[in-house]
Amino acid sequence: QVTVVESGGGLVAAGGSLRLSCVISGDFFSTYHIGWFRQAPGKGREGVAVIDAGGNENYADSVKGRFTISRDNSKNTLYLHMNNLKPEDTAMYYCAAGEGRLSRSLLLHQSGYIYWGQGTQVTVSS
């Protein structure tokens, strides 16, 4: 079974930066669309940043210009570089992967992802 393991979360001050990493096992990493989702207390899980197998990226409006998603297929690893962090970015961040084609309009919808990690907590202090 495919395993998904996130790392890199922590406590940072507003305006700071953090890099999250996600390692996904198996031989099919390069074929997956993969991304980051987050869930803050009292809110539903939302798509943050995703990248498909062709390298196309999509970001939530709230993080555009601040976060950058990237993938290293040789290492089966997904990254999320987060800059200028804000308190409202505080959430549990989950890495996820999905199989098959997905329209760009659906890339940020969690229904298109079947492999999920346990999450890594990001807390941004004011």
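Everything that follows concerns the structure shown earlier in this document.
Just so you know, these numbers come straight off a predicted model, no measurement behind them.

### What about the nonpolar core?
Okay, so step 1: Counting residues in hydrophobic clusters, the biggest one holds 31 residues, and the most contacted among them are Ile-24, Trp-36, Leu-80, Met-82 and Tyr-93.
Okay, so step 2: When contributions to this core are tallied by element, the ones reaching two or more residues are β3 (18-24), β4 (33-39), β5 (46-51), β7 (67-72), β8 (77-82), β9 (91-98) and β11 (120-125).
Okay, so step 3: Residue contacts for Ile-24: discarding those within four places in its chain leaves Val-2, Thr-3, Val-4, Phe-29, Tyr-32, Ile-34, Asn-76, Cys-95 and Ala-97.
Okay, so step 4: One finds Phe-37, Val-50, Ala-96 and Leu-107 within the second-largest nonpolar core, a separate group that totals 5 residues.

### Describing the packing of aromatic side chains
Okay, so step 1: Tallied over the full model, the rule gives 3 aromatic pairs.
Okay, so step 2: Judged by centre distance (5.7 Å) and plane angle (45°), the ring pair of Tyr-32 and Tyr-115 falls under tilted. With Tyr-32 in the loop between β3 and β4 and Tyr-115 in strand β10 (residues 115-116), the pair connects residues that are 83 residues apart, well separated along the chain. As far as burial versus exposure is concerned, Tyr-32 and Tyr-115 are alike and both buried.
Okay, so step 3: Where Phe-37 meets Trp-116, the ring centres are 5.1 Å apart and the plane angle is 50°; that geometry is what we call tilted. Taken as a pair, Phe-37 in strand β4 and Trp-116 in strand β10 lie far apart in primary sequence, 79 residues in all.

Thresholds applied
Residues numbered from 1 in each chain as written. Predicted model: local features only at pLDDT ≥ 70, side-chain atom pairs only at ≥ 80, totals over all residues. Heavy atoms only, no water. Core = buried A, V, L, I, M, F, W, Y, C linked by side-chain atoms within 4.5 Å. Buried < 20%, exposed > 50% of the residue type's maximum accessible area, 1.4 Å probe, protein only. Helix = DSSP H or I, 4+ residues; strand = E, 2+ residues; numbered from the N terminus. Contact = heavy atoms within 4.5 Å. Phe/Tyr/Trp six-rings, centres within 6.5 Å; stacked < 30°, edge-to-face > 60°.

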